[in-house]
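Reading the structure
For reference, the chains in residue letters:
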Amino acid sequence: QVQLVESGGGLVQAGGSLRLSCAASGIIFSINAMHWYRQAPGKQRELVAAVTRGGRTNYADSVKGRFTISRDNTKNTVYLQMNSLKPEDTAVYYCNARYFDDDYWGQGTQVTVSS
């Protein structure tokens, strides 16, 4: 059974930092591309950051320079370090694992940034 379990969300003031974690089980973690998505109320889910199995990263323009995605294949975990948070970063953040047609999602973790 595949499980992606996010943690690390919470309430933070603007300018603050949070570190999200996503622990994966039931998949061969190292071969999967890993992603962080987010969905704000009334908006579509959007890709925030991605890391390939080779470690190449990609970011949404809105978070470049503020967020850092990383992975630890020894712990089957992907991280999202979020700095200089803004109220517009408020959303539910979802972890995603993808390997060709295999596509798995976590349950999401709420991030709320107060102004």
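Structure: above.
Residues numbered from 1 in each chain as written. Predicted model: local features only at pLDDT ≥ 70, side-chain atom pairs only at ≥ 80, totals over all residues. Heavy atoms only, no water.

1. Description of the sheet that holds strand β3 (residues 18-25)
- In spatial order, the strands read β1-β3-β8-β7; together these four strands make up an open sheet with antiparallel pairing. Among the strands making up the open sheet, the edge pair consists of β1 (3-7) and β7 (67-72). Along the sheet, successive strands turn relative to each other by an average axial angle of 15 degrees, direction set aside.
- As paired strands, β3 and strand β8 (residues 77-82) are joined by six bridges and run antiparallel to one another. Its bridge partner being in β8, L18 is matched across the sheet by M82. (Pairing = 2+ DSSP bridges. Helix = DSSP H or I, 4+ residues; strand = E, 2+ residues; numbered from the N terminus. Axes fitted to C-alpha atoms, helices over the stretch in contact; angles between N-to-C directions.)

2. Thoughts on the packing of aromatic side chains
- Applying the stated criterion to the full structure yields two aromatic pairs.
- Ring geometry for Y37 and W105: centres 4.9 Å apart, planes at 55 degrees, overall tilted. Of this pair, Y37 sits in strand β4 (residues 33-39) while W105 sits in strand β10 (residues 102-105), and the two are 68 residues apart along the sequence.
- Looking at Y37, the relative accessible area reads 14%, which means it is buried.
- On the accessibility criterion, W105 (33% relative accessible area) is partly exposed.
- Each ring, one from Y99 and one from F100, has its centre 4.8 Å from the other, and the planes form 85 degrees; the classification is edge-to-face.
- Given the relative accessible area of 28%, Y99 is considered partly exposed.
- Cation over ring: R45 sits above W105, and NZ or CZ is 4.7 Å from the ring centre. (Phe/Tyr/Trp six-rings, centres within 6.5 Å; stacked < 30°, edge-to-face > 60°. Buried < 20%, exposed > 50% of the residue type's maximum accessible area, 1.4 Å probe, protein only. Lys NZ or Arg CZ within 6 Å of the ring centre and 35° of its normal.)

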